[in-house]
Amino acid sequence: MEAATLYDLIVIGGGPAGSACAITAARAGARVLLLEKDQFPRHKVCGEFVSAESLELLRSLNGSHFQDKPAIETARLFMRNRRVSFQLPRAAMSIPRFELDAGLFHAAQMQGVHARQGVHVGEVLRDGTFQVFTPEQPFVAKAVVNATGRWSNLAQRRASPSKWIGLKAHFREAGSAPSVDLYFFPGGYCGVQQVGHDRVNACAMVRANVARTLTQVFSLHPELWKRSRDWEPLFPTLTTSGLLFRRPETQFQHMILVGDAAGFIDPFAGDGISLALHSGALAAQSLLPFFAGKATLNEVHHEYASLYQQRFAGAFRNARRMRRILSSPEWVRSTMLGIAGLKPVASALVSSTRAK
Ligand SMILES: Cc1cc2nc3c(=O)[nH]c(=O)nc-3n(C[C@H](O)[C@H](O)[C@H](O)COP(=O)(O)OP(=O)(O)OC[C@H]3O[C@@H](n4cnc5c(N)ncnc54)[C@H](O)[C@@H]3O)c2cc1C
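Remember, predicted model here, so these are calculated numbers, not experimental data.

Chemist: Would you take a moment to explain the overall build of the protein chain for this structure?
Modeler: Each helix and strand counted, the protein chain has nine helices and 17 strands in total. Within the protein chain, counting contacts between residues at least 6 apart in sequence, those at least 24 apart form 72% of the total.

Chemist: Just checking my understanding: could you explain helix 3 (residues 97–110) for this structure?
Modeler: In an α-helix, one turn spans 3.6 residues, which is why side chains three or four residues apart end up on the same side. Taking 1.5 Å per residue, 14 residues should reach 20 Å; helix 3 reaches 19 Å between its end C-alpha atoms and fits that length. Buried within helix 3 are the following residues: Arg97, Leu100, Asp101, Gly103, Leu104, Phe105, Ala107 and Ala108. If you follow the buried residues of helix 3, they end up packed against helix 1 (16–27), strand 2 (32–35), helix 2 (52–62) and strand 6 (114–116). Of the residues one or two after helix 3, glycine 112 is the one with positive phi, at around 95°.

Chemist: Looking at this structure, how should I read the packing of helix 1 against helix 6 (residues 272–291)?
Modeler: For the pair helix 1 and helix 6, the least separation of the axes is 7 Å and the interaxial angle reads 30°. Judged by the sense of rotation from one axis to the other, the crossing of helix 1 with helix 6 is right-handed. Along its contact with helix 1, which presents Pro16, Ala17, Gly18, Ala20, Cys21, Thr24 and Ala25, the element helix 6 presents Ile273, Ala276, Leu277, Ser279, Gly280, Ala281, Ala283, Ala284, Gln285 and Leu287. Partitioning the contact of helix 1 with helix 6 into residue classes produces 12 nonpolar, five polar and no charged.

Chemist: Would you take a moment to explain the pairing of strand 1 (residues 6–12) for this structure?
Modeler: In regular strands, side chains alternate between the two faces of the sheet. Strand 1 sits mainly inside the fold: five of its seven residues count as buried. Pairing analysis gives six bridges linking strand 1 to strand 9 (residues 138–146), with the strands arranged parallel. What sits directly across from leucine 9, in strand 9, is alanine 143. Relative to strand 2, strand 1 is paired through four bridges, and the arrangement is parallel. Residue pairing across strands places isoleucine 12 opposite leucine 35, the latter belonging to strand 2. Considered for its hand, the β-α-β crossover made up of strand 1, helix 1 and strand 2 is right-handed.

Chemist: Looking at this structure, how should I read unusual backbone geometry?
Modeler: The general pattern is negative phi for most residues beyond glycine and trans for most peptide bonds. With omega at -5°, the peptide bond leading from phenylalanine 40 into proline 41 counts as cis. Counting through the fold element by element, proline 41 comes out in the loop between strand 2 and strand 3 (49–50). Of note in this structure, glutamate 48 is not a glycine but carries a positive phi near 65°. For glutamate 48, the position within the fold is in the loop between strand 2 and strand 3. Unusually for a residue other than glycine, glutamine 253 sits at a positive phi of about 50°.

Chemist: Got a minute to help me understand the site of the ligand in this structure?
Modeler: Near the ligand, the surroundings consist of 39 residues, among which Gly15, Gly47, Gly149, Gly259 and Gly272 are the closest. Elements with a contribution of two residues or more to the shell around the ligand: helix 1, strand 13 (199–207) and helix 6. No other element matches helix 6, which puts four residues into the shell around the ligand. Looking at the shell around the ligand residue by residue, the classes come out as 17 nonpolar, 16 polar and six charged.

Chemist: When you look at the nonpolar core in this model, what are you seeing that I'm missing?
Modeler: Among the nonpolar cores identified, the biggest contains 104 residues, and Leu9, Ile10, Cys21, Ala22 and Val32 are the most heavily contacted of them. It is helix 6 that contributes the most residues to this core, 10 residues altogether. Ignoring any residue separated from it by four or fewer positions in sequence, one finds isoleucine 10 in contact with Leu33, Leu35, Phe130, Val132, Phe139, Ala141 and Val144.

Chemist: Could you clarify how one ought to interpret the environment of alanine 313 in this entry?
Modeler: You can see alanine 313 is positioned in helix 7 (residues 297–326). Taking the C-alpha atoms as reference points, alanine 313 and glycine 263, 50 residues apart in sequence, are found 9.8 Å from one another.

Chemist: Teacher, can you tell me more about helix 6 here?
Modeler: Here helix 6 contains 20 residues, and its C-alpha end-to-end distance of 28 Å stays within 8% of the 28 Å for a straight helix at 1.5 Å per residue. With 16 of its 20 residues buried, helix 6 lies for the most part within the structure.

Chemist: Just checking my understanding: could you explain the pairing of strand 10 (residues 164–172) for this structure?
Modeler: By the criterion of burial, strand 10 is predominantly enclosed, with eight of the nine residues buried. Where strand 10 and strand 13 come together, nine bridges link them in antiparallel fashion. If you follow isoleucine 165 over to strand 13, its bridge partner there is valine 206. Here strand 10 runs beside strand 14 (residues 232–233); their pairing, made up of two bridges, is antiparallel. Paired with phenylalanine 171 across the bridge in strand 14 is proline 233.

Chemist: Where do I start with the packing of helix 1 against helix 3 in this structure?
Modeler: Two numbers describe a pair of packed helices, the interaxial angle and the distance between the axes. Put simply, helix 1 and helix 3 touch, their axes get as near as 9 Å, and they point 20° apart. If you check the angle between helix 1 and helix 3, you find them roughly parallel. Helix 1 and helix 3 meet at a crossing whose hand is left-handed. Within the contact between the two elements, helix 1 uses Pro16, Ser19, Ala20, Ala22 and Ile23 and helix 3 uses Leu100, Asp101, Leu104, Phe105, Ala107 and Ala108. Tallied by class, residues from the contact of helix 1 with helix 3 come to nine nonpolar, one polar and one charged.

Rules of the game
Residues numbered from 1 in each chain as written. Predicted model: local features only at pLDDT ≥ 70, side-chain atom pairs only at ≥ 80, totals over all residues. Helix = DSSP H or I, 4+ residues; strand = E, 2+ residues; numbered from the N terminus. Contact = placed C-beta atoms within 7 Å. Expected span 1.5 Å × (residues − 1). Buried ≥ 20, exposed ≤ 12 C-beta atoms within 10 Å, placed from the backbone. Axes fitted to C-alpha atoms, helices over the stretch in contact; angles between N-to-C directions. Left-handed = near helix turned anticlockwise from the far one by under 90°. Nonpolar A, V, L, I, M, F, W, Y, C, P; charged D, E, K, R; others polar. Pairing = 2+ DSSP bridges. Right-handed = clockwise from strand over helix to strand, strands pointing away. Near = placed C-beta within 6 Å. Core = buried A, V, L, I, M, F, W, Y, C linked by C-beta atoms within 7 Å. Parallel < 35°, antiparallel > 145°, perpendicular 65-115°, else oblique.

Put into structure tokens, the structure is as follows:
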């Protein structure tokens, strides 16, 4: 029987984090296998706000692919009785996950990554090398990066049930403007953002006991309800599994964790994709000395953990604080926002939750 190819790196999960990692490692000369359980293109629950901090990296990974997408220069926050509108310090971009994830996966293939879709990884074992088991065949690698997102069979099980869910769909809206609009209500928020000509993405994070459908979500904010009356759905609403917030971790069973598998930042920060791209690229860079025989895998884990902490811990901490304010009871929130002012809170939301 023919011996299995020994890859330098197997990346499990072909979302933004996995593709960024695979592309970066392959460009540096590593033999990389990227395994994704789904088939692209596919929709995914996400606000599709791609922050300015990720655009340079995205371009370097994927060329000028998304230049035609709406630039988002304005944000509007709608609280119960107040609203604030402000310019973003740097323009973000609106890119549907349908195109973003498929585009990055394709870019990985173009860089020489062996990228396979429809392959579910069931188990990973380590005995000197890593053995990665799929229903078809096992694969072998010197290192494994786990980019499987928030929930996966390859992460630590967490018992605490989540109260938050995510919902998303695209709608036709005549004359939509290129801004990101966040509507806050007790028990959650809904983001609305232009994703194309006369087309908006509505994406909500909401407590499961408050709403289970987007129509229920829209009814929770009078201005959103009014705005959504004439919307025409463009595909059925998608729902996520529960959203759990926990402190980031950078390894599990010797696999390096990247993107949401390492840590899930509050969606209102609009920084999850950026964190996924940056942490994916960072993991690949941290692994290069190991592939060159100049560092052990343990040293790589330490180096990656320390750089991850330096670059991303602040964003998680600030997003956590912001979540506490935004999910506090209405009277507490009003008092705090009354004291601090809505505009400073809004700009803190944008600037302090960014991965660098
Ligand atoms: C409601 C909501 C709104 C959001 N809005 C925004 C936003 O506007 N802007 C923003 O930047 N971020 C947003 N986010 C966060 C963003 O979606 C994530 O941070 C981002 O998708 C993380 O990318 P990732 O590559 O780490 O994981 P994912 O995108 O989840 O990719 C993981 C991939 O791994 C695959 N996989 C899982 N298990 C296996 C397995 N065993 N074998 C093979 N493949 C596997 C999955 O199929 C998936 O394709 C939002 C999140 C939510 C829930």
